[in-house]
2 protein chains.
Amino acid sequence: MAKSELVFLPLGGSGEIGMNMNLYGHGPASDRQWIMIDCGVTFGDLTTPGIDLICPDPTYILEERDRLLGLLLTHGHEDHIGAVALLAPELGCPVYATPFTAQLVERKFEEADIDVDLRVIRMGSRFSLGPFDLEYITLTHSIPEPNAIAIRTELANVLHTGDWKIDRTPTLGPETDHAALQVFAEEDVHTIVCDSTNVFSPGESGSEEGVRAALTDLITAQKGRVVVTTFASNVSRVVSICQAAQAADRSICLLGRSMLRIVGAAQAVDLIPSDISFVEPKDAGYLPREHVLYLCTGSQGEPRAALSRLARDDHPELSISEGDTVIFSSKIIPGNEREIFDLQNQLVDLGAQIVTEKDAPIHVSGHPNRDELSQMYDWVKPKHAIPVHGEVRHLEEHAKFARTKGVAKAIAPRNGTMIRLTPGEPEIIDEVPNGRWYLDGNILFPDGSYPVKERRKLGYAGLLSVAVVLDSQCSIAAPIQVFGEGVPRETDDGEDFMALLEEAAEDALERLSRGKRDDDQTVENTVRRTVRTLMNEIWGKRPQVLVQLLRT
Amino acid sequence: MAKSELVFLPLGGSGEIGMNMNLYGHGPASDRQWIMIDCGVTFGDLTTPGIDLICPDPTYILEERDRLLGLLLTHGHEDHIGAVALLAPELGCPVYATPFTAQLVERKFEEADIDVDLRVIRMGSRFSLGPFDLEYITLTHSIPEPNAIAIRTELANVLHTGDWKIDRTPTLGPETDHAALQVFAEEDVHTIVCDSTNVFSPGESGSEEGVRAALTDLITAQKGRVVVTTFASNVSRVVSICQAAQAADRSICLLGRSMLRIVGAAQAVDLIPSDISFVEPKDAGYLPREHVLYLCTGSQGEPRAALSRLARDDHPELSISEGDTVIFSSKIIPGNEREIFDLQNQLVDLGAQIVTEKDAPIHVSGHPNRDELSQMYDWVKPKHAIPVHGEVRHLEEHAKFARTKGVAKAIAPRNGTMIRLTPGEPEIIDEVPNGRWYLDGNILFPDGSYPVKERRKLGYAGLLSVAVVLDSQCSIAAPIQVFGEGVPRETDDGEDFMALLEEAAEDALERLSRGKRDDDQTVENTVRRTVRTLMNEIWGKRPQVLVQLLRT
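Everything in this summary refers to the structure shown in the same document. (Residues numbered from 1 in each chain as written. Chains lettered and ligands numbered in written order. Predicted model: local features only at pLDDT ≥ 70, side-chain atom pairs only at ≥ 80, totals over all residues. Heavy atoms only, no water.)

### A short note on the environment of Thr533(B)
All names here are of chain B. When you line up the elements, Thr533 lands in helix H17 (residues 520-539). C-alpha of Thr533 to C-alpha of Leu501: the two residues are 32 residues apart in sequence and 9.8 Å apart in space. In this structure the side chain of Thr533 is engaged in a polar contact, spanning 2.6 Å, whose partner is the backbone oxygen of Arg529. (Helix = DSSP H or I, 4+ residues; strand = E, 2+ residues; numbered from the N terminus. Polar contact = N/O pair within 3.5 Å; in protein donor to acceptor, adjacent residues only side chain to side chain.)

### Topic: the interface of chain B and chain A
Between chain B and chain A, the contact holds 64 residues from the first and 63 residues from the second. Between chain B and chain A, a total of about 5400 Å² is buried, with carbon and sulfur atoms accounting for 57% of that surface. The largest per-residue losses of area from chain B upon contact with chain A belong to Arg393(B), Glu485(B) and Gln548(B), which jointly make up 11% of the total buried on that side. Viewed at the interface, chain A and chain B are joined by eight salt bridges. Notably, a salt bridge pairs Glu391(A) with Arg338(B), separated by 3.1 Å at the nearest N-O pair. Here chain B and chain A share 39 residue pairs in polar contact (both at pLDDT 80 or more) between them. At the level of secondary structure, the elements contributing two or more residues to the side of chain B that touches chain A comprise helix H11 (337-349), helix H13 (392-404), strand E26 (443-446), helix H14 (450-461), strand E27 (463-470), strand E28 (476-485), H17 and strand E29 (544-551) of chain B. The leading source of residues in the side of chain B that touches chain A is H14(B), at eight residues. (Contact = heavy atoms within 4.5 Å. Buried area = accessible area lost by both parts, 1.4 Å probe. Salt bridge = Lys/Arg side-chain N within 4 Å of Asp/Glu carboxyl O.)

### Side note on the environment of Gln473(A)
All names here are of chain A. Relative to the assigned elements, Gln473 resides in the loop between strand E27 (463-470) and strand E28 (476-485). It is 9.2 Å that separates the C-alpha atoms of Gln473 and Arg517, two residues lying 44 residues apart in sequence. Polar side-chain contacts of Gln473 include one of 3.5 Å to the side chain of Ser472.

### Examining the sheet that holds strand E5 (residues 42-43) of chain A
Residues and elements named next belong to chain A. Read from one edge to the other, the open sheet built from four strands follows the order E5-E6-E25-E26, with strand pairing classed as antiparallel. With one partner strand each, in any of the chains shown, E5 and strand E26 (443-446) form the two edges of the open sheet. Here four bridges tie strand E6 (residues 53-56) to strand E25 (residues 436-440), and the two strands are oriented antiparallel to one another. Directly across from Ile54, in E25, lies its bridge partner Tyr438. (Pairing = 2+ DSSP bridges.)

### Digging into the pattern of salt bridges
Close approach of charged atoms lets side chains of opposite charge pair. A full pass over the atoms with the stated rule returns 64 salt bridges over all chains. The salt bridge involving Arg414(B) is made with Asp349(A); its shortest N-O contact spans 2.8 Å. With Arg414(B) in the loop between strand E22 (409-410) and strand E23 (417-422) and Asp349(A) in helix H11 (residues 337-349), this pair bridges two chains. On the basis of relative accessibility, which here comes to 45%, the residue Asp349(A) falls in the partly exposed class. The partner of Arg338(B) in a salt bridge is Asp342(B), with the nearest N and O atoms 3.3 Å apart. (Buried < 20%, exposed > 50% of the residue type's maximum accessible area, 1.4 Å probe, protein only.)

Below, the structure written as C-alpha cells:
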C-alpha cells in the first residue's frame, strides 16, 4: 500500500497579494483526502480592463473534489471569502465559518441565489473532518472573529495561522488565545503556515486601543464637519470612530453600501454596542456642522465609493466645504497611491483639511510585524515554517526570518507548489496547475484568455471595422464601409479619415483580379493590409482591423 | 493708456505633477509681452490607454505667440523640456538653455527633424528679452545645470526657482549660488515662484556626497554580480555609482537606451570624469561576477526598460541569478508602487538580493525639504509667494508654510490661473483655457477627446460589429455577420455566441415591416438593441455595437 503523507498546497495567496486558497491533503498520493482553508478573491485593476474580481484557478482541486471534505474560513476579509459564492457550488463541500464570517458569506449566497451547506461554528470549536482534527483558535486581526486553525493528524500537527496580529488591548472581541497556542505547541507543531504581510516592518503593529484614543482626541478637537473613512470590515475601528463621535457630541451618519452591509452583519451578531445609533443621510444635513460625523467607505480612492463621490462633489446628501476635516483612519494599500492622492487633492480643492495616519496615530495594521512574528514562533515552537500570504519578496524574507527563529527548514512556496510536510521534513514534491481566473461579466475566464487580451489591444489602438459586399460576379455591390472606434476619424488636416480608408480599400480591391476576389482570404488580407498601412502612415498606430466580407 | 502689469500664468505643473509650463507677461492687458519658462510633459498611464506623452494645452499662449519673446529652460528633466520638440515649432520663439540642457533638447529636435532657434547660454548668464532682464542663477538639483531665473522688470522683481534643493556638498557641478540670490534679495524680490514637491518632508533632503559614500560601502561589500538602477538623468549619481564601481574594482557596463543617451550628452559637455570608461554588454558577460557592475534604466518598473527585461529574464546579454545583488539607487515615484514591487518580486524569484533606499542611504531627493525651503525664503526675503510644481495638497501646504515665513500673501494657483503680481499685491485676475493634450500616435488631442474615451469603453466591454446587407427590396441579401473583439465568443455552455447573435438579429429584422426596413435608423437601432440585450442576458455586460448597414 502507498505511503500515507500530509501535504500542503497553496493555490492562491503565495507569491501574490490576495485570493488566498490553501489545501491540506492526507493519505497516499492516489487517494488523498482534502480540506481547503479560505477561498478569496483579489480585485481587478487597470491592467485587467473590465475585470472586477479575480480568483485562484481551482482546476486541481475540482478534479479532486470527491475527496474534498470541507472548506474552512478563517475570517471574513474578501481575500479569504470573496470567491466562496463563485466556487462553492463547484466544490460541493460544506463550508465552515464562525458567526460573523457566516453572516458575510450568507449574504453572498443570497445575492448569488445559490444553496450552499454552510455550517456555523462557535469560536474555539474543535471538530473532525475525516483524518483531520481541527481546532479554531481565536486570534486578533482587523476584522471580528479571526482564527488560526490547529490541524491535528496522525502524521503531524500543523498550525495554519490565517491573518493575525497580537493586539494586547483589542477594543472588540477577545485577546489572542495564546494559551490554546501553547497547549498545541506541547503536542509538537511540525509546521507553521504563517502570514507574511508585515515581515519587513520592525517592532509591533500597535493596538486598536491606541487608535481609539487618538481618534477621540482628534475628533474632539474639530470645530467643523468631520468625515472619517476606514475599511468597513474593521468593525472595531468602526466602533471606535462611533465612540469618538459620541465623546465629541456628534451624531453618526453612515455613507456607502459596504459600510451599511458590514454594520448590518455586525449588528446581527451583536458586535455593535447597543448605545450606538445612526442618523439617516437625509436627516444629517440638518444637523449643525459641529454635531455630525460622517463615516464612509472609499479610503482607497475607489471611484464608486462614497468618499470619491464627495470629492467629486456629486453626492446627493453632502457637500464638502471650507472648514471640514476628512480623516483617513486607514493605510494606503500599495498600488492605490495615485487614486488616493487624486482623491485628497480634490478634497483639498473643496477646502477640506486632510488628516492621515502620517499626521496622527489613527491607524494600525492587522498583520504581525517582526516582533509579533517572533512571539508567535516562541509560543508555537514549530519545527518547520511555510510562509504564505505575501508577495515573493515577503515570503523569502519570512523564510529567512523563520530560520533565525530556529526552524529546521523553511520553504517559501508559490501558488501551485505542493509540499509534502511529512513523513520527514517538508519538501517540494510537485507543481500543480495554478493561476488566476477572471470574472468577466458572469463568465469565468483563465488569465491569458482572449477577451481581456483583446481589450488591452483595443485600449492601445482601437479598432477599424471594414464591411465589403461582393456579388456573385465578385463585383463590389455596395460602397465599402469603414467604421472606427477608439481611432481618430479626422486627419490632422481635417480630412475624413474613414473616407480615405474606404477609398484606399476600394482601390486595392479593384486592382485584384476577379479570380482573386473569389477567394475570401485574399480579399480580407488585401483590405486589412491596405487600411492598416494607411492608418499607420497618417496616425502612427496600427489598430485592430475586422474585415466583414459579405457575399450576396 | 492701459496700466502696465506684471502677470504670472502657469499652464502646467500647478495642481498636478509634471508638464511644467509657466508664463510671465508684462505690459497692459491688451498688449502683453510674454516669456515662457519650461515646457514639459508627463507620461500616460493605464488611465490613458494608448497614450505615452501628455503636455499642457498651450492654446492660450499660441494665440499670444506674436508677443512671446522666448522659451527659457531651467534644466533638462522631461517634466520641464519634454514638450519642447512638440510645441516649439508652433510657439515660434527662440529657446534658451544652458549647455547640458541644450544637448538634451537638441537631440529631441534632431529626432523630430525640426529646426528650432536654440540659443545655448552659459551658467549664470544675464540677458534681456524685451522688458524682462533675466539672470540664470545656479542651484543644485538631481540633474546637472539646474537654474533659478531672476526676473527683473521695471514693475517688480520675481524669483522663479525652477527645481532645486540645497546640496551643500554636491559631487558634480557647483554649489547653490546663494550669493547671487542674496544680491537679488537686496534689490527687493516682490514674489517667489517656488518648487513645492517636498513641502510635506521635514528637515533636509540630504547630499549626494553621502549617497556616494553609502554606495561605495555597499558595492564594495558585494561578492556577486552587482546591478544598479537609477534615474539616468541624475548624472552625479551615475558618476557616483561609477566611482563606487572603480573603488570595488568592477568594470562598468551601461544598459538601457536613455542611460546611453544621457551619458552621451554628459560626455559631450565634459561632465563625466575622463577616467571613467565602460565595457560593452557583449564583453561584460565574460568578466568574473565580482568584477562587473551593470548600471541600468528601469528603477520605476518601466516595462520596456533594461531592468524589467532582466527581471523577465529576456535580456540578450545578462541573466540575473542566485547571488546577484540589485541596488535601487532611486525612490518610488508615487503611482509606480505596483510596477516596482512586481519587478522586485521577479528579481527575488530569480535569486537576487534587493537593496533599496529603505535598507541603506543610497538615494536623496532633488527637491527641497522644509528646512531648505526655509533657507531659501531667508536668502531671498520675498514679499509674496506663489507655490508651483506640485499637486493641490502640496501647493496649499506650501502656501501655509510661506505665510509662516512672513510673506504678506501666498497664492496656490491652479493651471490656468492668471495672477497679477503687480501693481499691488498678487491677485487672481483671470482663468484662461488650460488642460492636457494627449499625444496619440502622432496626433495631439485635447483630454476628453473621443479616441481615448472610446478606447476606455472598449477596454471595459469590447465591441461587436454587425454587418447587414439589404437589397433594393429591403430583403436581407446576405447572412447577417456578427464579429466580436474583446468579448466572449462562446457561452458558458460552449455555444457559438456570435451565431446566437446573428440569429437574433436576423429574427428581429425579419419582424420589421418592409417599410421600416427602408429606414436606416430603424434598422440600426433594432439590430443594436437586439444584440446588446442578448449579450447582456448571457454575458452580463453590454459591449459597444457598430452596425454596418449596406444596401445593394
